[in-house]
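Breakdown of the fold
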Amino acid sequence: PTWIEMLVPDGAVLQALLAKRSAELSNLLLNNDGPALLTQAASLAGMLNDITLPWAENGLDKRYKTGVRTSLMQFIEAAMTELLTPITLGTVSQVLSAAAATVEVPEEVDAITTERGMAVLLAAGGATLRRLQEGEDVARLDGISDSYQRAMSPILKAVSYNAASRRALAAGIVGMQATSRAMEELRGEDAAGRRALSAVDRGENVVANMELSSSLDVSSHVAGQAAVTHDVTDYIQTSQRVEAAALPNSTYTITANRNNLLASGSPVMLGPNNYVTITFPSPWTGPAHAAFEVQTAMLYSNPLPASETALRCIDESGLTSWSSEPALVPTDNKGGFEERVLRAKVPALTFRKCAMLGSATLLNLRAFGGDAIVSDLPGGAAYKIRLPFNPSLQNEVLADVFDDFTGLSSLVSCVYWDAGKQTWSTDGIAFVDAYYGDATGQDAWVECISSHLSLFAASEVPADCNLRPMGPLKNDECGVCGGKNETCSGCDGHANSGRSRGCSGHGACPTDGDKCACEDGYMGVMCQITCSRATNCSGHGDCWARYEGYSVNTTVGCACDEGWQMSRLGGSLHCEEIGKYSYIMPDWLFFLLVVALPLLLVLCCCALFVYYTVYKQIVQIKEINNESAAFAKTYALANTEIDVEAMEVNADLCMPIMALPAYLDSRPQQDNVDHIRIEDRHTGLKASAVVLYDADPDTDSDADPLYPPPIADHEAPQRRAHQLVIADA
């Protein structure tokens, strides 16, 4: 035998070969040779898909191959839109085959390539549908439809792969292994690429291509023709024509392929209940058409940008606790209280976005041969939908985890993709029933009703404290499901405040107030204090209580009657009589205060009067002495040159003023003459006088008074005033 050895090219040869093929593609594009360009692109894509070639060993890594696939898809798109216009049905199959080969390895297809691949499929499928509606080459439809599905499956898988990577980056799941190069790949290398990415991210092209493929499948169907099913590696789809009369109350089912489901790594559990059903309402209230196109499709991977809803579900990994604020609580009926936390360390869970629990399912209804999708139904009619799901994806769902504080838990319900809001939503959907499978969650399903059709999925949703998915109830702060804090609050409605609506059993909450209306003998913000006239105020006063706001810190007292006063002696509140004061004064003290002290006061006053009188006389005498001495001196000086013998006195002008008192005897003398100055204090009259003395009192009075005989000085005291003559006035 002859052996033929196939030589494997090295890296340099591979690069040279790829470069040569790329140059050939450019030449074919310049030469407007569309069919040859598609053939060459498919051949080059086949090389990229050959795992026996030493790509990695020669440094031709994933990034390199991704770039080549992007270039190939650009050539295919250019050939279809520029070289093969108008496109024929024969050329459509060639375009779809080249596109399918280019995206065969999803891990090497970036977002830009998937977007262009989706655009190629839409253009090819739209051209085919128009040709078919015009009656051209109906015999080729099956082959074109198969090519379309073969291209659709890897593109859909690439879209799902990129979407999952983006979700992981957004959620922070990608760790240190996510290099800047990988992030650059996922984000696109330029702004144009990022703008092109948006259509894929929104899922618009995915849904549009699947709807187009369904229309291709049944475009030539007649009444009663069997449904068409495409079971490929990434999804399963069934399309069929249904007459209007058969639509009401009809049910359509699609079951996942076990092998493809495992190969795709879908989270949906396997089992006999792993199927999707849709039941149409009866009677039919939607638009009237002769026939309809019913499409059901189960996607094994999620091509949409979100794997979570906007709803918030409990997170058992985020365990915290909650305690009420400290409150003052009565300890007795006398006003005692203490501070206490009424609800302490209640286990509480944090919240996160609710996760998807099943694959996306596309359910659509269109008028046969038309483009309009029948969506919302009037009159309250609804579709019944049943979806499989995997409760083990979230332990909160499988293990019946509850949040003790809110009473919320996690259950399952249906959601749909709202393309306008770019999120999973529950609008127009109502939960009906659910089965959570066996102990491992196998064969679980959820049933809902919906007013519209769309892209659906089973999702974790919050359940209220009555275990109703999406229910409105939760525990109040008293721990009562659906409560309004009435069981642990006072009339004011503040929960865990230490007050109660029962008003301690001695009152009631008024309809127009926020404090207890207490019975007689009870008082305080919640009638917690007992106080009465007879018991607490000794029968001689009325009770009163003071407190601020809603506080149980209350001061109690008695407004006692006249003659009584409040007392807390002995630890109890009461009124005690105010006693009358009596005092008997001792006799000695009485005598001292009534007799002795007044008498002493009188004596002191008399002594003071005598002292004042004597003092006044002494002052006057001193003044007269001083004035007399001054006069005598002045008079003597003034009369030194006067001849006394020549003086004449007019006796008529002289008059005795007064008899000189004896104290004038001590006045200074000059022989037997005293010179004095007299002043009348009442009239203010003043006079100067000369007093003549008798030398001997026994001497005859007829003696000459002006010339008495001289006497010795020691006899001066024996002199007496003989005559007063006014010398000057």
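Residues numbered from 1 in each chain as written. Predicted model: local features only at pLDDT ≥ 70, side-chain atom pairs only at ≥ 80, totals over all residues. Heavy atoms only, no water.

**Side note on the overall build of the chain**
Each helix and strand counted, the chain has 13 helices and 27 strands in total. Taken across its 729 residues, the chain has 42% of its residues classed as buried. Relative to all contacts within the chain whose residues are 6 or more apart in sequence, the contacts with residues 24 or more apart total 67%. Surface exposure of the chain reaches about 38,700 Å², of which carbon and sulfur atoms provide 55%. (Helix = DSSP H or I, 4+ residues; strand = E, 2+ residues; numbered from the N terminus. Buried < 20%, exposed > 50% of the residue type's maximum accessible area, 1.4 Å probe, protein only. Contact = heavy atoms within 4.5 Å. Areas by Shrake-Rupley, 256 points an atom, 1.4 Å probe, with all protein chains shown as cover.)

**Quick notes on the pairing of strand β8 (residues 337–340)**
Across four bridges, strand β7 (residues 327–330) lies against β8 in antiparallel orientation. Looking at β8, one finds that A327 is bridged to R340. Connecting the antiparallel pair β7 and β8 is a turn made up of six residues, with G335 showing a positive phi of about 105°. (Pairing = 2+ DSSP bridges.)

**Details of the packing of helix α3 (residues 62–83) against helix α5 (residues 111–133)**
Across the interface, α3 lies against α5 with an axial gap of 9 Å and an inter-helix angle of 25°. In this view, α3 runs roughly parallel relative to α5, as classed from their interaxial angle. Helix-helix and strand crossings are classified by hand; for α3 and α5 the assignment is left-handed. On the side of α3, the interface is formed by R69, T70, M73, Q74, I76, E77 and M80, while α5 contributes I112, T113, R116, G117, A119, V120, A123 and A124. (Axes fitted to C-alpha atoms, helices over the stretch in contact; angles between N-to-C directions. Parallel < 35°, antiparallel > 145°, perpendicular 65-115°, else oblique. Left-handed = near helix turned anticlockwise from the far one by under 90°.)

**Considerations on the state of the cysteines**
In total, this model carries 10 disulfides according to the counting rule given. A sulfur-sulfur separation of 1.8 Å characterises the disulfide bridge that pairs C313 with C354. Looking down the S-S bond of the C313 and C354 bridge, the torsion is 100°, so its handedness is right-handed. One end of the pair, C313, is in strand β6 (residues 308–322); the other, C354, is in strand β9 (residues 346–355), with 41 residues separating them in the sequence. By relative accessible area, which is 0% here, C313 ends up buried. Taking relative accessible area as the criterion, C354 reaches 0% and is therefore assigned buried. (Disulfide = S-S within 2.5 Å.)

**A look at the packing of aromatic side chains**
When we look at a pair of aromatic rings, we describe it by the centre distance and by the angle of the planes. Going through the model one piece at a time under the given rule, you end up with nine aromatic pairs. Aromatic pair W417 and W424: ring centres 5.5 Å apart, planes at 70°, arrangement edge-to-face. On the basis of relative accessible area, W417 is assigned to the buried category, the value being 5%. Judged by relative accessible area, W424 falls into the buried class, the value being 4%. Counting every residue linked through ring pairs, the aromatic cluster contains Y252, F280, W284, F292 and Y383. Here R241 stacks its cationic end above the ring of F368, 4.4 Å away from the centre of that ring. The ring of Y550 carries K515 above its face, with NZ or CZ at 5.6 Å from the centroid. (Phe/Tyr/Trp six-rings, centres within 6.5 Å; stacked < 30°, edge-to-face > 60°. Lys NZ or Arg CZ within 6 Å of the ring centre and 35° of its normal.)

**Structural notes on the nonpolar core**
One finds L72, V95, W424 and L455 to be the most contacted residues of the largest nonpolar core, which totals 69 residues. At nine residues, the largest contribution of residues to this core is made by helix α6 (residues 141–171). Residue contacts for L455: discarding those within four places in its chain leaves V207, L299, L304, A360, T361, L362, V415, Y416, W417 and W424. Within the second largest apolar cluster, 37 residues are counted, among which are V242, L365, V397 and C448. (Core = buried A, V, L, I, M, F, W, Y, C linked by side-chain atoms within 4.5 Å.)

**A few points about a nonpolar patch on the surface**
Taken together, the side chains of Y583, M585, W588, F590, F591, L592, L593, V594, V595, L597 and L600 present a nonpolar region at the surface, about 1,100 Å² in accessible area. In this fold, L597 is placed in helix α13 (residues 587–638). (Patch = residues over 30% accessible without salt bridge, like charges linked within 9 Å, V, L, I, M, F, W, Y side chains within 5 Å. Salt bridge = Lys/Arg side-chain N within 4 Å of Asp/Glu carboxyl O.)

**Quick notes on the sheet that holds strand β4 (residues 275–279)**
Taken together, the five strands give an open sheet; going across it, the order is β3-β4-β11-β15-β14, and neighbouring strands pair in antiparallel fashion. Two strands in the sheet have a free side with no partner beyond their single neighbour: β3 (251–255) and β14 (429–435). Each adjacent strand pair in this sheet contributes to an overall mean axis angle of 15°, direction not counted. Both β14 and strand β15 (residues 445–450) contribute to a ladder of six bridges, which runs antiparallel. By the bridge assignment for β15, A430 is matched with I449.

**Notes on the environment of W55**
Mapping W55 onto the fold places it in the loop between α2 (34–49) and α3. The class of W55 is buried, set by a relative accessible area of 4%. For the pair W55 and L14, spaced 41 residues apart in sequence, the C-alpha separation works out to 8.2 Å. Residue contacts for W55: discarding those within four places in its chain leaves L14, L18, M47, L48, D50, L60, Y64 and K65. One polar contact links the side chain of W55 to the main-chain carbonyl oxygen of D50, over a distance of 3.2 Å. (Polar contact = N/O pair within 3.5 Å; in protein donor to acceptor, adjacent residues only side chain to side chain.)

**Regarding the side chain of H574**
With respect to the element layout, H574 can be found in strand β24 (residues 574–577). Contacts of H574, omitting those with residues within four sequence positions, involve N536, C537, S538, Q565, M566, S567, R568 and L569.

**Remarks on the environment of L592**
Here L592 is to be found in helix α13. L592 gets classed as partly exposed once you look at its relative accessible area, which sits at 34%. Apart from the residues lying within four places of it in its own chain, the contact partners of L592 are L597 and P598.

**What to know about α13**
Between the first and last C-alpha of α13 there are 75 Å, a value that for 52 residues agrees with the 76 Å anticipated at 1.5 Å per step. A bend of about 35° at L593 is the largest found in α13. Of the positions making up α13, those classed as buried are L589, S628, F631 and Y635. (Expected span 1.5 Å × (residues − 1). Bend = angle between axes of the 7 residues up to and from the residue.)

**Description of the pattern of salt bridges**
Side chains carrying opposite charge are able to pair once their charged atoms draw close together. All told, the structure shown has 12 salt bridges when counted by the stated rule. Notably, a salt bridge pairs R352 with E396, separated by 3.4 Å at the nearest N-O pair. Of this pair, R352 sits in strand β9 while E396 sits in helix α11 (residues 395–398), and the two are 44 residues apart along the sequence. In this pair, the class of R352 matches that of E396, namely buried. Each of the salt bridges in this network shares a partner with another, and the network as a whole consists of K65, R69 and E108.

**Looking at unusual backbone geometry**
For the peptide bond that leads from T85 to P86, omega is -5°, which places it in the cis range. Following S282, the chain continues to P283 via a peptide bond in cis, the omega torsion being 0°. Inspection of the secondary structure puts P283 in the loop between β4 and β5 (291–299). Phi at D400 is positive, roughly 55°, even though this residue is not glycine. Along the polypeptide, D400 turns up in the loop between α11 and β12 (409–418).

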